[in-house]
Amino acid sequence: RPGKRASLLRRRRKPDHPLVSRRRVLVLPATAALALALPAVAAEAPTLRANPLFVGKLGQVVLSGTSPRPSVTLEAKECDSSFFRIVGATRSVDGTWSFQAGVFATTAFRARSGRAVSRQVVVRKRAVVDLVQRAGTRIFVANVHGGSPYLLRRRIRLERHTDDGWVLVAQAKLRRHPIFGRVIANFRVVRRGLVLRAVVTQAVARPCLAAGVSPIVRS
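Read on for a plain summary of the structure.

Procedures and definitions
- Residues numbered from 1 in each chain as written.
- Predicted model: local features only at pLDDT ≥ 70, side-chain atom pairs only at ≥ 80, totals over all residues.
- Heavy atoms only, no water.
- Pairing = 2+ DSSP bridges.
- Helix = DSSP H or I, 4+ residues; strand = E, 2+ residues; numbered from the N terminus.
- Axes fitted to C-alpha atoms, helices over the stretch in contact; angles between N-to-C directions.
- Disulfide = S-S within 2.5 Å.
- Core = buried A, V, L, I, M, F, W, Y, C linked by side-chain atoms within 4.5 Å.
- Buried < 20%, exposed > 50% of the residue type's maximum accessible area, 1.4 Å probe, protein only.
- Contact = heavy atoms within 4.5 Å.
- Salt bridge = Lys/Arg side-chain N within 4 Å of Asp/Glu carboxyl O.
- 1 Å grid on protein atoms, 1.4 Å probe; cavity = no way out; pocket = protein on both sides within 12 Å on 5 of 7 lines; lining within 4 Å.
- Points joined across faces, edges and corners; volume = space filled by probe spheres on them.
- Nonpolar A, V, L, I, M, F, W, Y, C, P; charged D, E, K, R; others polar.

**With respect to the sheet that holds strand β1 (residues 49–51)**
Spatially, three strands are ordered β1-β3-β6 in an open sheet, and the strand pairing comes out antiparallel. The sheet is open, and its two borders are formed by β1 and β6 (96–102), each paired with just one other strand. Taking the axes of each pair of neighbouring strands and ignoring which way they run, one obtains an average angle of 25° across the sheet. Two elements, β1 and strand β3 (residues 60–66), share three bridges in a ladder whose sense is antiparallel. Paired with Asn-51 across the two strands is Val-62, which belongs to β3.

**Details of the sheet that holds strand β10 (residues 128–133)**
Sheet strands pair by backbone hydrogen bonding; their relative direction is either parallel or antiparallel. Read from one edge to the other, the open sheet built from four strands follows the order β10-β11-β15-β14, with strand pairing classed as antiparallel. Of all strands in the sheet, those with a lone pairing partner are β10 and β14 (175–176), marking the two edges. Across two bridges, β14 lies against strand β15 (residues 182–188) in antiparallel orientation. Within β15, the residue paired with Arg-176 across the bridge is Val-183.

**Section: the pairing of strand β5 (residues 85–91)**
Where strand β4 (residues 71–78) and β5 come together, six bridges link them in antiparallel fashion. Paired with Ala-76 across the two strands is Arg-85, which belongs to β5. Linkage of β4 to β5, two consecutive antiparallel strands, is achieved through a turn of six residues.

**Re the state of the cysteines**
All told, the structure shown has one disulfide when counted by the stated rule. Covalently, Cys-79 is tied to Cys-208 through a disulfide, its sulfur atoms 1.9 Å apart. An S-S torsion of about 100° defines the bridge between Cys-79 and Cys-208 as right-handed. One end of the pair, Cys-79, is in the loop between β4 and β5; the other, Cys-208, is in the loop between α3 (202–205) and β17 (212–213), and 129 residues separate them in sequence.

**Examining the nonpolar core**
Ranked by size, the top nonpolar core spans 26 residues in total, and within it Val-144, Leu-151, Ile-156 and Val-200 carry the most contacts. For this core, the secondary structure elements donating two or more residues are β10, β11 (139–145), β12 (155–162), β15, β16 (195–200) and α3. When residues no more than four places from it in sequence are discounted, the contact partners of Ile-156 are Val-129, Ala-142, Val-144, Ala-170, Gln-171, Ala-172, Leu-174, Ala-185, Phe-187, Ala-198, Val-199 and Val-200. Counting residues in hydrophobic clusters, the runner-up holds 16 residues, among them Val-61, Ala-101, Phe-109 and Val-121.

**Considerations on the pattern of salt bridges**
Tallying each qualifying case throughout the model produces five salt bridges. Here Arg-112 and Glu-75 are joined by a salt bridge, their closest N and O atoms 2.9 Å apart. Of the two residues, Arg-112 is situated in strand β7 (residues 107–113) and Glu-75 in strand β4; the sequence distance between them amounts to 37 residues. Residue Glu-78 pairs with Arg-85 through a salt bridge whose shortest N-O separation is 2.5 Å. Here the salt bridges do not stand alone but share partners, grouping Glu-75, Arg-110 and Arg-112 into one network.

**Remarks on the layout of surface pockets**
Where empty space is left becomes clear once a probe the size of a water molecule has been rolled over the atoms. As a volume, the largest pocket reaches approximately 280 Å³. Lining of the largest pocket is provided by 15 residues; of these, Phe-104, Lys-125, His-145, Gly-146 and Gly-181 occupy positions nearest its centre. A class-by-class count of the residues in the lining of the largest pocket yields seven nonpolar, five polar and three charged.

**Focus on unusual backbone geometry**
In this model, Asn-51 is joined to Pro-52 through a cis peptide bond whose omega is 0°. Relative to the helices and strands, Pro-52 is located in the loop between β1 and β2 (54–55). Going from Arg-206 to Pro-207, the amide bond is cis rather than trans, its omega being 10°. The backbone of Asp-94 shows a phi angle near 55°, a positive value even though the residue is not glycine.

And the structure:
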């Protein structure tokens, strides 16, 4: 009978097991504790900014930020490296800190205070290019300072200015210079009166350098 069947179903229904009930109660505090811990960890992490984000021949960058702890360690990972290394340490004063670092190639920096680590900031190193005429000749020498080993055997462009903008004159492979860290390429320009420049494009410079352009010279 319908009435009797409903009565039997009510009798068979068992209360929740006490362990199950307790587990439901314990889940909520654990979740709440995790939610509170995440902002706390973020609050303990130092901050980091860099000025400038592109560096030239001097290759100097000022790193600065804030830290809840007095001791701050600076770490760097160059473009051709797979890990961070310590490059210096400083102390925060009234919660702020500053550190000057050298940049020889495009580098990711981060600040560490205790176990907390800041976000990464990438500082890019420009290819420093100049173009000079060899005395008494029609040879123009393109120099890239600090370009070795990143640009060795890569191509540099010689361009001239026209009414329609800059156009390609020639390309040449960069080779080693006796001065450590420098690579060079030679161009012969017979025609006089041209407005010239040497260019390392972004496609050639990456991943360790940013594009660079020489000052303008006249043939």
